[in-house]
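Structural description and commentary
For reference, the chains in residue letters:
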Amino acid sequence: NMFKEDGTVIHFSAPKVQASVAANTYVICGTGETKRLEELLPGIINQLGPDNLMNLKRIAESFAASKGGDKAEDVDDDIPDVGDNFEDVSKQ
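Residues numbered from 1 in each chain as written. Predicted model: local features only at pLDDT ≥ 70, side-chain atom pairs only at ≥ 80, totals over all residues. Heavy atoms only, no water.

1. A look at the pairing of strand β2 (residues 8-12)
Where burial is concerned, most of β2 is hidden: four out of the five residues are buried. As judged from the two bridges shared by strand β1 (residues 2-3) and β2, these two strands associate in the antiparallel manner. Residue pairing in the sheet places methionine 2 in a bridge with isoleucine 10 of β2. As paired elements, β2 and strand β5 (residues 32-36) share five bridges and run antiparallel to each other. Bridging from a neighbouring strand, valine 9 pairs with lysine 35 of β5. (Buried < 20%, exposed > 50% of the residue type's maximum accessible area, 1.4 Å probe, protein only. Helix = DSSP H or I, 4+ residues; strand = E, 2+ residues; numbered from the N terminus. Pairing = 2+ DSSP bridges.)

Laid out in structure tokens, this is it:
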């Protein structure tokens, strides 16, 4: 995986690597796909460095915001109003 500054990742699913140690040259061959960082998580979490912390923080904040907003609205939807006497409501 090659991480770009805009938060995207060039992902090689089956890369072939050739190296010339004497020339200090490495070649990666294969079909690369540009994907968002979110699409590859959590499989590449061990490859992330300190330069990707801001992207990871942004992903965590958006995930928390999407999960937190749904719970607040749906809290009372499943609970019926039983009134004063539970026995009367259960017989209906």
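2. Comments concerning the side chain of histidine 11
Checked against the element boundaries, histidine 11 lands in strand β2. Ignoring sequence-local partners within four residues, the contact set of histidine 11 consists of Asn1, Thr31, Gly32, Glu33, Lys35 and Leu40. (Contact = heavy atoms within 4.5 Å.)

3. As for the nonpolar core
One finds Val9, Leu37, Leu40, Ile44, Leu48 and Ile59 forming the largest nonpolar core, which totals six residues. Not counting residues within four places of it along the chain, the set of residues in contact with leucine 37 comprises Phe3, Gly7, Val9, Ile44, Leu48, Asn55 and Ile59. (Core = buried A, V, L, I, M, F, W, Y, C linked by side-chain atoms within 4.5 Å.)

4. Section: the sheet that holds β5
Ordered by their spatial adjacency, three strands build an open sheet running β1-β2-β5, and the pairing between neighbours is antiparallel. If you trace the sheet from one side to the other, it starts and ends with β1 and β5, each paired once.

5. So, the pattern of salt bridges
Close approach of charged atoms lets side chains of opposite charge pair. In total, this model carries one salt bridge according to the counting rule given. Note that lysine 35 is salt-bridged to glutamate 33, the shortest N-O span being 3.8 Å. Using a relative accessible area of 38% as the deciding quantity, one classes glutamate 33 as partly exposed. (Salt bridge = Lys/Arg side-chain N within 4 Å of Asp/Glu carboxyl O.)

6. Looking at the environment of leucine 48
Here leucine 48 lies in the loop between α1 (37-40) and α2 (53-73). Judged by its relative accessible area of 17%, leucine 48 is buried. When the C-alpha positions of leucine 48 and phenylalanine 3 are compared, they lie 8.6 Å apart, and in sequence the two are 45 residues distant. In contact with leucine 48, other than residues within four places in its own chain, are Phe3, Leu37, Leu41 and Leu56.

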